[in-house]
Amino acid sequence: MATLLYRLGRASFRHRRAVGALWLVVLAALAVGALTLRGETGNNFTMPGTESQRAIDALQHEFPEASGASGVIVVQAPAGRTLQDPALAGAVMGLVKEANGLPGVLAAVDPFQAKALTPDVRTAMVNVQFKQRADEITPAEKDAFLASGAAAAQAGLRVEHGGEVLSAPPEVGGTEAIGVVIALIVLLVTLGSLIAAGMTMFNALIGVGAGMAGLFALSGVIELTSTAPVLALMLGLAVGIDYSLFITSRHRQNLVEGLSPEEAAARAVGTAGSAVLFAGVTVIIALAGLSVVNIPFLTVMGLAAAGTVAVAVLVAVTLLPALLGFAGLRVLPRRMRANPAAAPVKEGFGFRWARLVIKLRVPVILVGILGLGALTLPAPDMRLALPGPQAGAEGTPARDAADLVSTSFGEGFNGRLALVVSSDSAQQTGAAVGQVNQKLQGTPNLLFVTPPNFSQDSKTAVLGLIPKDGPTSASTEDLVHEVRDRTHGLDGIDVSVTGQTAIGIDVSEKLSDAMPIYLLLVVGLSVLLLMLVFRSILVPLKAALGFLLTVGATFGITVFIFQQGHLAGLVGLDSPGPLVSFLPILLIGILFGLAMDYEVFLVSRMREDFVHGETPYQAVVSGTGHGARVVTAAALIMTSVFSGFMLIDDPIIKSMGFALAIGVAIDAFVVRMTIVPAVMSLLGRGAWWIPRWLDRVLPDVDIEGEKLRKRIDAPPSAAAADDPEPVHV
């Protein structure tokens, strides 16, 4: 692998103009495809096979009028007045008439007839049924819905619009660019050269641009959830900068050792590029592995992010050496350009840190493990749910409407459930509705059941169930299970609980069930891959245990802030609640890939030095010392990029950005930079032990470039036999 990448890096360096032009053509073609083929994203977190989804699918055929998205217009009379006031009642009726005439609306319900009024008759809900699903409603239809009620507002009513119809993709504006700016500053400090920092960032942005353009070009034929492009952008940018940084740093080190720019770039791609390729493949496998849980929207998210990571790797090993060719010696600080080999090389902080950690290795290991274990304590209390209407940012229409409904009617009115009753005959369905009503008498946490709405053939009926508590509360989840237990088993009758609240509960439960399986898959994969790379038994086991510590601590801190609400103000969170249902399993996949990145970048250098004759102690010090500066910079960059997404108001993106940022920080600085050197020094030579039979069976991927070094160090005649153009150092 190292030899192949060496040749690729050298070819890209020599033919840099052609490589640069090729990437510009590819980027332009993808941009044209994105502009012409781009489709819409949505918030359609469906889950085939669950009861709630089967009910929605059945309604589309049997009762299409009830299968579309729902909206709500909440009106409230001024203090001291009620909606029985003739002028205000007339304004409400005018609003109902206006809503019935809106584009895309099937029907708007008169709140006086439906008795959708508070006991003091001051607040009313106008329920609006749309013809299409929420992700199929056009922007023009949403705008018309939001613009309705102007006359009612002029009459003195407070008018708020909400409901699932207002679900929208998160707005990715300029706030996350703050993380990019911080990353650029970190690059400048780390590399000491504006050209090197700018080139590294430019290379990453080209990769992100190509990956995102390709993703949007495919969105015309693949249904993307609104969070998939944001996750792809987040990961593509972070790994793109890191991968470019690793190769650029090794290139600069090669220049200081006296190599020519061409040879330095080729060797950097052959050695550091091997680690980048392996790390990228690990991330891709982890993200693509999300498809094994058989959840369509999660599969799309994983594959979208994996695609941008793949492009980032490809750009790092092809375009970056071409850019290094254009930069020449200008990638070095100005004082080192005249004679790089003669520049004094100071021992960095990483070497001193490694010696300190090794000296105090037993206390370091104990404090590290116990500290991360303590941070894990809130994790068992983790609850999962899809965000409810009150999870939006304060000041948005949907949030204002949900808050008004909650304070006026009760939180349960934001978590309305739908009970679908169907059979082969109208008579059976009518009788079954009565049976169901009887079975639901005295159900805990059930506020009341609304009268049924029948389809045109009267074979299907939909009853509304209003829980006592909100859509993400544990009592509402218990209610869904209780209703299903009470209503199932009627002969010849199909009874299903659905609605956005029920869908969220079903999605969360299926994801919770899949998480242990996926975690086992990821940990097992990490052990096998690292065993292949490092030809060791204990190093992979140590890496897997470190990953589990990272995941546990990250879950614990995220639950502590986002669910329990402690320190929530520090991250701009105004409504703590359950974690978004797909966050934990997504976090496992992403953190696994990133954790293996740092493991490979640090331990591969340790193994490289050990293989070439260093003692275990010297190898750990050297590996940590040489990798500390780059890994620290890489972790700061990733943390900065992920933190930039915490500034987005969308609760899903905010929690993802926070969890990834804190997870990367814990893994890089606590696990990899502290616990790993301590454990490696404690293991000594035993860290590299592997049974002989297993060593013979495992293929040699040569990630540390041992074969490449032997070929380069071979006599010219031997090198020429292997390569028609011998390497001149």
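Residues numbered from 1 in each chain as written. Predicted model: local features only at pLDDT ≥ 70, side-chain atom pairs only at ≥ 80, totals over all residues. Heavy atoms only, no water.

1. Structural notes on the overall build of the protein chain
- Secondary structure summary: the protein chain contains 25 helices and 13 strands in total.
- Here the protein chain has a C-alpha radius of gyration of 30 Å; the compact-globule value for 729 residues is 27 Å, and the two agree.
- Burial status across the protein chain gives 57% buried among its 729 residues.
- Taking as baseline every contact in the protein chain between residues at least 6 positions apart, the subset at least 24 positions apart corresponds to 79%.
- If you sum the accessible surface of the protein chain, you get close to 29400 Å²; carbon and sulfur atoms cover 62% of it.
- If the 50 positive side-chain charges of the protein chain are averaged to one point and the 58 negative ones to another, these points end up 13 Å apart. (Helix = DSSP H or I, 4+ residues; strand = E, 2+ residues; numbered from the N terminus. Rg over C-alpha atoms; globule rule 2.2 N^0.38 Å. Buried < 20%, exposed > 50% of the residue type's maximum accessible area, 1.4 Å probe, protein only. Contact = heavy atoms within 4.5 Å. Areas by Shrake-Rupley, 256 points an atom, 1.4 Å probe, with all protein chains shown as cover. Lys, Arg positive; Asp, Glu negative; His and termini not counted. Charge placed at Lys NZ, Arg CZ, Asp CG, Glu CD.)

2. Overview of the packing of helix H10 (residues 227–256) against helix H21 (residues 616–644)
- For the pair H10 and H21, the least separation of the axes is 9 Å and the interaxial angle reads 160°. Between H10 and H21, the angle is such that the two are roughly antiparallel. Crossing angle aside, the handedness with which H10 passes H21 is right-handed. Across the interface between the two elements, Met234, Leu235, Leu237, Ala238, Val239, Ile241, Asp242, Leu245, Phe246, Ser249 and Gln253 from H10 touch His626, Val630, Val631, Ala633, Ala634, Ile637, Met638, Val641 and Phe642 from H21.
- When its residues are assigned to classes, the contact of H10 with H21 shows 16 nonpolar, three polar and one charged. (Axes fitted to C-alpha atoms, helices over the stretch in contact; angles between N-to-C directions. Parallel < 35°, antiparallel > 145°, perpendicular 65-115°, else oblique. Left-handed = near helix turned anticlockwise from the far one by under 90°. Nonpolar A, V, L, I, M, F, W, Y, C, P; charged D, E, K, R; others polar.)

3. What to know about the environment of Phe413
- The topology assignment puts Phe413 in the loop between helix H15 (397–408) and strand S8 (417–422).
- Taking C-alpha positions, Phe413 is 57 Å from Arg361, a pair spaced 52 residues apart along the chain.
- Beyond its immediate chain neighbours, meaning those up to four positions away, Phe413 contacts Met125, Val405, Leu447, Phe448 and Ile466.

4. A look at the packing of aromatic side chains
- Counted according to the given criterion, the structure contains 10 aromatic pairs.
- The interplanar angle of 45° and the centroid separation of 5.3 Å between the aromatic rings of Phe409 and Phe413 together place this pair among those described as tilted.
- Summarising the aromatic geometry, the rings of Phe547 and Phe592 are spaced 5.7 Å apart at their centres and angled 75° between planes, so their arrangement reads as edge-to-face. One end of the pair, Phe547, is in helix H19 (residues 538–563); the other, Phe592, is in helix H20 (residues 583–611), and 45 residues separate them in sequence.
- For Phe592, a relative accessible area of 0% puts it in the buried group.
- One aromatic cluster in this structure is built from Phe409, Phe413 and Phe448. (Phe/Tyr/Trp six-rings, centres within 6.5 Å; stacked < 30°, edge-to-face > 60°.)

5. Here we look at the sheet that holds strand S5 (residues 158–163)
- Taken in spatial order, the four strands of this open sheet run S3-S4-S2-S5, and their pairing is antiparallel. One side of each edge strand has no neighbouring strand; the edge strands of this open sheet are strand S3 (105–108) and S5. Adjacent strand axes in the sheet meet at a mean angle of 20°, parallel and antiparallel pairs treated alike.
- Inspection of the sheet shows strand S2 (residues 70–76) paired to strand S4 (residues 123–130) by seven bridges, in the antiparallel sense. Bridging across to S4, Val72 finds its partner in Asn127.
- On the sheet, H15 packs against S2, S4 and S5 and is oriented at approximately 105° with respect to S5. (Pairing = 2+ DSSP bridges.)

6. A look at the side chain of Thr674
- Among the structural elements, Thr674 can be located in helix H22 (residues 651–683).
- At 2.7 Å, the side chain of Thr674 forms a polar contact with the backbone oxygen of Phe669.
- Those residues in contact with Thr674 that lie beyond four places of it in its chain are Trp353, Val357, Val364 and Phe669. (Polar contact = N/O pair within 3.5 Å; in protein donor to acceptor, adjacent residues only side chain to side chain.)

7. Let's talk about the nonpolar core
- Residues Leu298, Phe547, Phe582 and Phe642 are the most contacted members of the largest nonpolar core, which totals 177 residues.
- The greatest single-element share of this core, amounting to 19 residues, is contributed by helix H12 (residues 296–327).
- In this structure Phe642 touches Met234, Leu235, Ala238, Leu594, Gly657, Leu660, Ala661 and Val664, once residues within four positions along its chain are discounted.
- By size, the runner-up hydrophobic cluster in this structure holds 28 residues, among which are Ile73, Val75, Ala77 and Val159. (Core = buried A, V, L, I, M, F, W, Y, C linked by side-chain atoms within 4.5 Å.)

8. A few points about the side chain of Ser148
- Within the fold, Ser148 resides in the loop between helix H6 (139–147) and helix H7 (150–154).
- What Ser148 contacts, discounting residues up to four positions off in sequence, is Ile73, Leu95, Glu98, Leu102, Val159 and His161.

9. Focus on a nonpolar patch on the surface
- Taken together, the side chains of Val362, Leu366, Leu370 and Leu682 define a hydrophobic patch exposed on the protein surface, amounting to about 400 Å² of accessible area.
- With three residues, the top contributor of residues to the nonpolar patch is helix H14 (residues 361–376).
- Within the secondary structure layout, Leu370 lies in helix H14.
- Residue Leu370 is classed as exposed on the basis of its relative accessible area, which comes to 61%. (Patch = residues over 30% accessible without salt bridge, like charges linked within 9 Å, V, L, I, M, F, W, Y side chains within 5 Å. Salt bridge = Lys/Arg side-chain N within 4 Å of Asp/Glu carboxyl O.)

10. Describing the environment of Phe582
- For Phe582, the position within the fold is in the loop between strand S13 (579–580) and H20.
- Classification of Phe582 by relative accessible area gives buried; the value is 0%.

11. Let's talk about H10
- The end-to-end C-alpha separation of H10 is 44 Å, in line with the 44 Å expected for 30 residues at 1.5 Å each.
- Burial runs high along H10: 28 of the 30 residues are buried.
- Downstream of H10 by a residue or two, Gly258 has a phi angle that is positive, lying close to 100°. (Expected span 1.5 Å × (residues − 1).)

12. With respect to the pairing of strand S11 (residues 460–467)
- With respect to burial, S11 is a largely interior element, eight of its eight residues being buried.
- Judged by which residues are buried, S11 turns out to be covered on both faces: Thr460, Val462, Gly464 and Ile466 on one side and Ala461, Leu463, Leu465 and Pro467 on the other are all buried.
- Summarising the sheet, S8 and S11 pair through six bridges and their orientation is antiparallel. By the bridge assignment, Leu417 is partnered in S11 with Leu465.
- Pairing between strand S10 (residues 453–454) and S11: two bridges, direction antiparallel. For Phe454, the partnering residue across the bridge sits in S11 and is Ala461.

13. Looking at the confidence of the model for the protein chain
- Averaged over the protein chain, the pLDDT score is 85; the fraction of residues at 70 or greater is 92%.
- Helix H25 (residues 716–722) is the least confidently modelled element of the protein chain, averaging 46 in pLDDT, while H14 averages 95, the highest of any element.
- Low pLDDT (under 50) marks residues 717–729, which in the prediction has 17 contacts with non-local residues, meaning those over four places away or in another chain. (pLDDT = per-residue confidence, 0-100.)

14. Here's the deal with H19
- In this model H19 runs 36 Å from its N-terminal to its C-terminal C-alpha over 26 residues, within 8% of the 38 Å that 1.5 Å per residue would give.
- A positive backbone phi angle near 90° is found at Gly565, which sits one or two residues after H19.

15. Overview of the pattern of salt bridges
- Inspection of every chain in the model, using the stated rule, returns 14 salt bridges.
- Among the ionic pairs, Asp695 bridges to Arg535, the shortest N-O distance being 2.7 Å. With Asp695 in helix H23 (residues 692–697) and Arg535 in the loop between helix H18 (500–534) and H19, this residue pair connects regions lying 160 residues apart in the sequence.
- Take Arg535: its relative accessible area is 10%, and that puts it in the buried class.
- One network of salt bridges, in which partners are shared, links Lys542, Glu599, Asp667 and Arg672.

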